[in-house]
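# Per-entry structural report
Here is how the chains run, residue by residue.
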Amino acid sequence: MFKKILIANRGEIALRVIRACREMGIKSVAVYSEADELSLHTKFADEAVCIGPGPSAQSYLNTQAILTAAEVTNADAIHPGYGFLAESADFANMCKKHNIDFIGPDGDMINAMGDKASAKETMKAAGVPVIPGSKGILNSADEARIMADEMGYPVILKATAGGGGRGMRVVYRSEDVAMFYGMAQAESGTAFGNDDLYLEKYIENPRHIEVQLIADSFGNIYSLGERECSIQRRHQKLMEESPSVVVSEELRHKMGEAAVAGAKRVNYVGAGTIEFLLDKHGKFYFMEMNTRIQVEHTVSEEVTGVDILKEQIRCHAGEKLPDWLENIRLRGHSIECRINAEDPAKNFRPSPLFIESVHFPGGKGIRVDSHIYGGYQIPPHYDSMLAKLVVHASDRKEAIQRMLGALKEFIIEGPKTTIPFHIQLLENEKVQSGNFDTHFLESFKYDPSRE
Ligand code: MV4
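Residues numbered from 1 in each chain as written. Predicted model: local features only at pLDDT ≥ 70, side-chain atom pairs only at ≥ 80, totals over all residues. Heavy atoms only, no water.

## Overview of the overall build of the chain
The line we're drawing: Helix numbers and strand numbers start at the N terminus; a helix is a DSSP run of H or I with at least 4 residues, a strand a run of E with at least 2. This radius of gyration counts C-alpha atoms alone. The globule rule is 2.2 Å times how many residues there are, raised to the power 0.38. When a residue's accessible area, from a 1.4 Å probe over protein chains only, is under 20% of the maximum for its type it is buried; when over 50% it is exposed; and in between it is partly exposed. Residue contacts are counted whenever heavy atoms from the two residues lie within 4.5 Å of one another. Residue-level accessible areas treat just the shown protein chains as cover; the underlying method is Shrake-Rupley with a 1.4 Å probe. Just so you know, the count uses Lys and Arg for positive and Asp and Glu for negative, and it drops His and the chain ends. Charged groups are reduced to one reference atom each: NZ for lysine, CZ for arginine, CG for aspartic acid, CD for glutamic acid.
Along the backbone of the chain there are 15 helices and 20 strands. A globule of 451 residues ought to have a C-alpha radius of gyration of about 22 Å, and the chain, at 22 Å, matches this closely. Considered along the principal axes of its C-alpha atoms, the chain spans approximately 60 × 55 × 45 Å. Taken across its 451 residues, the chain has 57% of its residues classed as buried. Put simply, of all contacts in the chain between residues at least 6 apart along the chain, 65% involve residues at least 24 apart. Only carbon and sulfur atoms are counted for the fraction: they give 48% of the accessible area of the chain, which is about 18,800 Å². Computed over 51 positive and 63 negative side-chain charges, the separation of the two mean positions in the chain equals 2 Å.

What follows is the structure, given as structure tokens:
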């Protein structure tokens, strides 16, 4: 087992890793920017090293400074958390060169899954259902139009280097293919330095459902069930739950088998997620694979009882996963609300202010993963998530009630937050009945006067 892990991250996920390390008898090293000197990860880790100024490019993305911190503190592994360097193949390779274990898949795996068109072909070869479309990348707008004419509209053009919705265009008419091809190409070239596109049939009103996987280095890969992630705004998830109301025991089994088959095909190791789109006929299709621990891993932890972070660390330390993870059953229902320092009345504008005071909700089945405290100044440089409020209850109805109570008890004085938005969301009839898809928030009306 590792003796000391350096955490190349900040905020709640840095605390999550520190806590896992503590319970496993592993020493932790925090790295922090000048803007995070008074952050909790800096205080709670066994050691802390300053790696540069506030802006991420000079600190949490500064690979040289991070590797130097790992070397001077004698860390034997680096946990990247999510975001920042979590899916940087270059950083994973640099770690290897410095003889430090990267707690994530190796650089080749990150590249293989990061190229969406080739990841899709790999999954197809493993027997995972994929959305009908071009075989690999397109050579020209003409090729795209001929294929789309044959397939029927609407279609979607996607950047192979994409993700998070950038470099994507939905096309409804043959006449529009050339123009949208140019736009998607320009956008992905600028954003990713790679303008290759591929084409798919556009699935209207799908649900985003992802399967959590955990894999050891002995070829054991297990599904930890699905998460419903359709409540998103501009590709940012706001609320997630497990299980999904629309996933039957039979569908769960099929999605789990498909996800495991895909991961086995590439000899995946560690924690990973296979994202699927589920159409209105109940058919599911591979969308992307995430090669990191995700923000919303917590809801899967609640319904499976598995500490995914600890298992991830064990897998990368070369330990075997316990056999009982095969055919795990989901117990009860879990929901996560992301509490962000954003003003829902003003188009979710960031509100990185001073936290005058804070009160966390409590009681049975309530978990708050957060790095904030009264007197904390939110740095303006990073993402705006302040806390993950996670509930676990015996069924979905009780989970919603428990979440509503917890949201009302959750007091954050200072910044505007997404708490009142979540309350209105959970009071919505469609959310309560589970009748929503990835477009739900586009038409959901938030009423600021009810705050
Ligand atoms: C799609 C799609 C419909 N049909 N692909 C959005 C982000 C990127 N990961 C892929 N995305 C989509 N791909 C086909 N063939 C709809 C989306 C999509 C979406 C997916 C998941 C969650 C929210 C979304 C919001 C808009 C579009």
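So that's the structure; there's more coming.
## A short note on helix H13 (residues 419-427)
Within an α-helix, residues lying three or four positions from one another point in the same direction, as the helix has 3.6 residues per turn. With seven of its nine residues buried, H13 lies for the most part within the structure. Along H13, the residues that are buried comprise Ile419, Phe421, His422, Ile423, Gln424, Leu425 and Leu426.

## Considerations on the site of the ligand
Keep this limit in mind: Put simply, a residue is near a molecule or strand once any heavy atom of it comes within 4 Å of that molecule or strand. Pairs of N or O atoms within 3.5 Å make up the polar contacts considered here, provided that, within protein, one atom can donate a hydrogen while the other can accept it, and that residues adjacent in sequence are counted only when both atoms are side-chain atoms. Under the grouping applied here, Gly and all other residues not named as nonpolar or charged are polar, the nonpolar ones being Ala, Val, Leu, Ile, Met, Phe, Trp, Tyr, Cys and Pro and the charged ones Asp, Glu, Lys and Arg.
The ligand sits among 16 residues. The nearest are Lys158, Glu200, Lys201, Ile203 and Glu288. At a separation of 2.8 Å, a nitrogen atom of the ligand approaches a polar backbone atom of Lys201. Between a nitrogen atom of the ligand and a main-chain N or O atom of Ile203, the distance comes to 2.9 Å. Protein contact buries 92% of the 530 Å² of open area that the ligand shows by itself. Elements with a minimum of two residues in the shell around the ligand: strand E6 (155-159), strand E8 (197-201) and strand E13 (284-290). Within the shell around the ligand, the residues separate by chemical class into seven nonpolar, five polar and four charged.

## Digging into the sheet that holds strand E2 (residues 27-33)
Convention followed: When DSSP finds two or more bridges between a pair of strands, those strands are recorded as paired.
With parallel pairing, the five strands of this open sheet are ordered in space as E3-E2-E1-E4-E5. Unpaired on one side and paired on the other, strand E3 (47-52) and strand E5 (101-102) mark the two borders of the sheet. The sheet contact formed by strand E4 (residues 77-79) and E5 spans two bridges and is parallel. Counted as the bridge partner of Ile78 is Phe102 from E5.

## Section: the sheet that holds E6
Counted only if it meets this: Here an angle of 0 to 180 degrees is reported between the N-to-C directions of two axes, which are lines fitted to C-alpha atoms, with helices fitted over the stretch in contact.
Overall, antiparallel pairing links the three strands, which are arranged E7-E6-E8 in an open sheet. A strand with exactly one partner marks an edge of an open sheet, and here the two such strands are strand E7 (169-171) and E8. Direction aside, the axes of adjacent strands within the sheet are offset by 25° on average. In the sheet, E6 pairs with E8 via five bridges, with the strands oriented antiparallel. Directly across from Val155, in E8, lies its bridge partner Lys201.

## Section: the domain arrangement of the chain
Often the size quoted for an interface is simply the accessible area lost on bringing the parts together. Formally: Residue ranges assigned to each domain were obtained from an automatic or database domain assignment. The term buried area refers to how much accessible surface (probe radius 1.4 Å) is lost by two components on association, counted for both of them together.
Each assigned domain of the chain is listed with its residue range as follows: domain 1 (4-103), domain 2 (132-201) and domain 3 (207-450). A separation of 23 Å is found between the C-alpha centroids of domain 1 and domain 3. Tallying the contact residues gives 33 residues for domain 1 and 28 residues for domain 3. Surface buried jointly by domain 1 and domain 3 totals about 2,400 Å² across both partners, of which 60% is contributed by carbon and sulfur atoms.

## Structural notes on the pattern of salt bridges
To be explicit about the condition: Salt bridges are defined by distance alone: a side-chain nitrogen of Lys or Arg within 4 Å of a carboxyl oxygen of Asp or Glu.
For the structure shown, the criterion picks out 34 salt bridges. Between Arg338 and Glu296 there is a salt bridge whose closest N-O contact spans 3.0 Å. With Arg338 in strand E14 (residues 333-340) and Glu296 in the loop between E13 and helix H10 (297-304), the pair connects residues that are 42 residues apart, well separated along the chain. Connected through shared salt-bridge partners, Glu210, Arg227, Lys237, Glu240, Glu296, Glu336 and Arg338 make up one network.

## Some points on the state of the cysteines
Let me state the cut-off plainly: Disulfides are defined as cysteine sulfur pairs within 2.5 Å.
Per the stated rule, a full pass over the model turns up zero disulfides. A disulfide-free cysteine, Cys95 has its sulfur positioned 15 Å from the sulfur of Cys21, the nearest such atom.

## What to know about the environment of Ala261
Along the chain, Ala261 falls in helix H9 (residues 249-265). C-alpha separation for the pair Ala261 and Asp176, spaced 85 residues apart in sequence, amounts to 37 Å.

## Observations concerning the nonpolar core
Under the convention used in this document: Only buried residues count toward a nonpolar core. Its members are Ala, Val, Leu, Ile, Met, Phe, Trp, Tyr and Cys residues joined through side-chain atoms within 4.5 Å.
Counting 36 residues, the largest nonpolar core has Ile339, Leu407, Leu425 and Leu426 as its most contacted members. Those elements giving two or more residues to this core turn out to be strand E11 (236-242), E14, strand E19 (385-393), helix H12 (396-409), H13 and helix H15 (440-443). With six residues, H12 is the single largest residue contributor to this core. Ignoring any residue separated from it by four or fewer positions in sequence, one finds Leu425 in contact with Ile231, Met239, Val431, Phe440, Leu441 and Phe444. One finds Leu15, Ala30, Leu321 and Leu325 within the second-largest nonpolar core, a separate group that totals 33 residues.

## Focus on the packing of aromatic side chains
How we decide: The aromatic pairing rule takes the rings of Phe, Tyr and Trp, using the six-membered ring of Trp, and pairs them if the centres are within 6.5 Å, calling planes under 30 degrees apart stacked, those over 60 edge-to-face and the rest tilted. Counted as over-ring charges are cases with an Arg CZ or a Lys NZ within 6 Å of the ring centre that also lie within 35 degrees of the ring normal.
Enumeration according to the criterion identifies 12 aromatic pairs in this entry. A network of ring pairs unites the aromatic residues Phe348, Phe421, Phe436, Phe440, Phe444 and Tyr446 as a single cluster. Sitting over the ring of Phe436, Arg207 keeps its end group 4.6 Å from the ring centre.

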